[in-house]
Amino acid sequence: MSERIGIVTGGGDCPGLNAVIRAVTKAAAKRGWETIGFLGGYEGILEPQRYVALDYQKLGSLLTRGGTILGTANRGRFSAKVGHGETRSLPQELIDGVKAGMQKLNIRGLVSIGGDGSLSIGQQLFEGGVPLVGVPKTIDNDLEGTVMTFGFDSAVACATDALDRLHTTAESHNRIMVLEVMGRYAGWIAIYAGVAGGADVILIPEIPFSYGSILTKVREREMADKHFTLIVVAEGAREKGGEFVTSGKQVSNREARLGGIAATVAAELEERTGKEARACVLGHLQRGGSPTSFDRALCTIFGAEAVELIAAEKFGHMVAYQGSGVGSVKITEAVGKLKTVPPEGGFVRTARALGICLGE
Ligand code: F6P
């Protein structure tokens with residue numbers, strides 16, 4: 001029987017998952033290894049097993065295709081997150097089940113593609129004896145240990161395009177336009193897209209905002225004969241002393257579903273300025289569609305590097321983009337602590353230097 005590796009995608013989907021699957025499969029085939037793709041996240045490894053043998057000769061169009069051909073899950077027995085910053089311990093029978101599933105298929109190493117939640121689970125599996133390496137995925141870019149996760153650049157491109165579109169309609173109608181972007185408790189998408197899309201106001205979770213500061217900005221613009229204002233707000237942003245805005249019912253043992261801050265901000269500003277304000281929620285559009293060229297390249301490098309890690313038996317490691325190139329870090333260095341936007345970091349300083357209002 002030829003050597004085999006496994007691959008699994010977990011957590012929320014994002015552009016580039018298929019590009020990683022393609023790269024892993026191709027790099028494994030180059031070594032003469034077969035790649036097994038488990039379906040529906042880690043669950044596919046357990047009995048009754050659900051998987052497909054990935055034949056790299058037949059992997060057409062995966063580089064550009066959104067979503068994941070393997071399916072994914074951010075709920076259920078393998079979900080790690082139970083609340084803001086809290087991680088669940090995996091029951092021993094699930095760890096044993098994964099080990100047994102891997103042994104049954106004679107898999108020498110598992111590539112786990114995921115964000116903080118899936119890789120926290122991955123770390124527990126590794127500690128329980130599963131030979132596993134990680135690939136950092138999330139549009140939120142909130143994983144430590146890597147300068148960038150894949151999927152982030154594609155989400156920023158989507159949010160920037162939305163800002164460009166809102167810009168012209170805001171200007172035509174002399175309105176305040178508030179765009180809500182994802183990112184959970186990190187403001188990376190908002191700050192990158194806000195700077196790239198020429199937003200006048202950028203509100204991020206790391207800097208609680210005051211309406212007074214935003215009103216000053218709107219008034220300054222009016223005085224300068226600019227009768228519209230473009231605002232980007234991260235879903236996890238909140239007013240100083242205020243709470244996160246959530247949508248839907250809070251389900252116990254699950255992370256809060258953030259959403260609705262744009263509507264709150266728009267209503268408040270309309271009330272206080274007398275100008276028309278509109279909210280737009282970009283939502284899951286940021287997670288769909290083709291990856292950008294940057295993400296395609298990053299995914300391909302990540303996938304090839306993950307196979308190298310398995311060959312070197314560097315289990316418990318995650319591939320990482322380190323600015324000058326791709327290397328690896330221990331998974332423990334990446335999970336369990338959110339990488340948030342430093343309030344005195346480069347992007348924030350750039351925003352301040354340009355006179356962009358951060359709600360301070
Ligand atoms: O972590 C990725 C992410 O898209 C967050 O930005 C967002 O808060 C969350 O997932 C949405 O999750 P769901 O798809 O379960 O609504």
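Residues numbered from 1 in each chain as written. Predicted model: local features only at pLDDT ≥ 70, side-chain atom pairs only at ≥ 80, totals over all residues. Heavy atoms only, no water.

*Asks:* It is not clear to me how the packing of aromatic side chains should be interpreted in this structure. Could you clarify?
*Replies:* The way to describe two aromatic rings as a pair is by their centre distance and the angle between their planes. This structure, assessed with the given rule, holds 8 aromatic pairs. Ring geometry for Tyr42 and Phe78: centres 5.4 Å apart, planes at 40°, overall tilted. Here the residue Tyr42 occupies a position in the loop between strand S2 (34-38) and strand S3 (51-54), and Phe78 occupies one in the loop between S3 and strand S4 (81-83), the gap between them amounting to 36 residues. The same class applies to Tyr42 as to Phe78, namely buried. Ring plane angle 65° and centroid distance 6.1 Å describe the contact between Phe294 and Tyr321, whose orientation is recorded as edge-to-face. Here Phe294, found in helix H8 (residues 293-311), pairs with Tyr321, found in strand S12 (residues 317-321); they are 27 residues apart in sequence, far enough to count as distant. The partly exposed category is assigned to Phe294, whose relative accessible area is 32%. Tyr321 gets classed as buried once you look at its relative accessible area, which sits at 18%. An aromatic cluster is defined as three or more aromatic residues linked by ring pairs; in this entry it consists of Phe152, Trp188, Tyr192 and Phe347. (Phe/Tyr/Trp six-rings, centres within 6.5 Å; stacked < 30°, edge-to-face > 60°. Helix = DSSP H or I, 4+ residues; strand = E, 2+ residues; numbered from the N terminus. Buried < 20%, exposed > 50% of the residue type's maximum accessible area, 1.4 Å probe, protein only.)

*Asks:* Is there a simple way to think about the pairing of strand S7 (residues 132-136) in this case?
*Replies:* With 5 of 5 residues buried, S7 is to be regarded as a mostly interior element. Neither face of S7 is exposed, since Leu132, Gly134 and Pro136 on one face and Val133 and Val135 on the opposite face are all buried. Relative to S7, strand S6 (residues 107-114) runs parallel, the two being bridged by 5 bridges. In the strand pairing of S7, Val111 is matched with Val133. (Pairing = 2+ DSSP bridges.)

*Asks:* Help me understand the site of the ligand in this model?
*Replies:* In the vicinity of the ligand, the residues found are Asn74, Arg75, Ile139, Asp140, Met182, Gly183, Arg184, Glu235, His284 and Arg287. In this structure, Asp140 approaches the ligand through a side-chain N or O atom, which is 2.7 Å from an oxygen atom. The backbone of Gly183 places a nitrogen or oxygen atom 3.1 Å from an oxygen atom of the ligand. Counted by class, the shell around the ligand contains 2 nonpolar, 3 polar and 5 charged residues. (Near = heavy atom within 4 Å. Polar contact = N/O pair within 3.5 Å; in protein donor to acceptor, adjacent residues only side chain to side chain. Nonpolar A, V, L, I, M, F, W, Y, C, P; charged D, E, K, R; others polar.)

*Asks:* Teacher, can you tell me more about the sheet that holds strand S11 (residues 277-281) here?
*Replies:* Hydrogen bonds between backbone groups are what pair the strands of a sheet, and the pairing can be parallel or antiparallel. Strand order in the open sheet formed by 4 strands is S9-S10-S8-S11, and the pairing between neighbours is parallel. Looking at which strands have only one partner, the edges of the open sheet turn out to be strand S9 (201-203) and S11. Within the sheet, the average angular offset between the axes of one strand and its neighbour, ignoring direction, is 15°. As paired strands, strand S8 (residues 176-181) and S11 are joined by 5 bridges and run parallel to one another. When the bridges of S11 are listed, Val178 appears paired with Ala279. Set on the sheet, helix H7 (residues 261-273) makes contact with S8, S9, strand S10 (229-234) and S11; between it and S11 the angle comes to about 175°. (Axes fitted to C-alpha atoms, helices over the stretch in contact; angles between N-to-C directions. Contact = heavy atoms within 4.5 Å.)

*Asks:* When you look at helix H4 (residues 152-173) in this model, what are you seeing that I'm missing?
*Replies:* Counting along an α-helix, one turn takes 3.6 residues, and residues three or four places apart therefore face a common direction. Compared with an ideal rise of 1.5 Å per residue, which puts 22 residues at 32 Å, H4 spans 31 Å between its outermost C-alpha atoms and is within 8% of the ideal. Where H4 is concerned, the buried positions are Phe152, Ser154, Ala155, Val156, Ala159, Thr160, Ala162, Leu163, Leu166 and Ala170. Buried residues belonging to H4 abut S8, helix H5 (188-196), S10, S11 and H8. Looking one or two residues past H4, Asn174 carries a phi angle of roughly 50°, positive in sign. (Expected span 1.5 Å × (residues − 1).)

*Asks:* What am I meant to see in the side chain of Asp142 here?
*Replies:* Here Asp142 shows up in the loop between S7 and H4. In this structure, Asp142 is buried with no salt-bridge partner, the nearest side chain bearing the opposite charge being Arg184 at 5.7 Å. Excluding its chain neighbours within four sequence positions, the residues that come into contact with Asp142 are Ala186, Trp188, Lys337, Leu338 and Lys339. (Lys, Arg positive; Asp, Glu negative; His and termini not counted. Salt bridge = Lys/Arg side-chain N within 4 Å of Asp/Glu carboxyl O.)

*Asks:* Could you clarify how one ought to interpret the pattern of salt bridges in this entry?
*Replies:* When charged atoms on two side chains of opposite charge get close, those side chains can pair. Applying the stated rule across the entire model yields 16 salt bridges. Glu3 serves as the salt-bridge partner of Arg108, at 3.1 Å between the closest nitrogen and oxygen. Pair noted here: Arg108 is in strand S6 and Glu3 is in the segment before strand S1 (4-9), with a separation of 105 residues, a long-range link. Overall, Arg108 belongs to the partly exposed group, its relative accessible area being 24%. Linking Asp200 and Arg221 is a salt bridge whose minimum nitrogen-to-oxygen distance equals 2.9 Å. Of the two residues, Asp200 is situated in the loop between H5 and S9 and Arg221 in helix H6 (residues 211-223); the sequence distance between them amounts to 21 residues. Each of Arg175, Glu276 and Arg278 takes part in salt bridges that share partners, so that together they form one network.

*Asks:* Whenever I open this one, unusual backbone geometry confuses me. Can you help?
*Replies:* Among all residues save glycine, negative phi is the norm, and among peptide bonds the norm is trans. A cis amide bond links Glu47 to the next residue, Pro48, at an omega of -10°. With respect to the helices and strands, Pro48 occurs in the loop between S2 and S3. Its identity is not glycine, yet Arg184 carries a phi of approximately 55°, on the positive side. Assignment of secondary structure puts Arg184 in the loop between S8 and H5.

*Asks:* Help me understand the side chain of Ser154, please; the structure alone is not making it clear to me.
*Replies:* Among the structural elements, Ser154 can be located in helix H4. Given a relative accessible area of 7%, Ser154 falls into the buried group. Of note is the side chain of Ser154, whose polar atom sits 2.6 Å from the side chain of Asp295.

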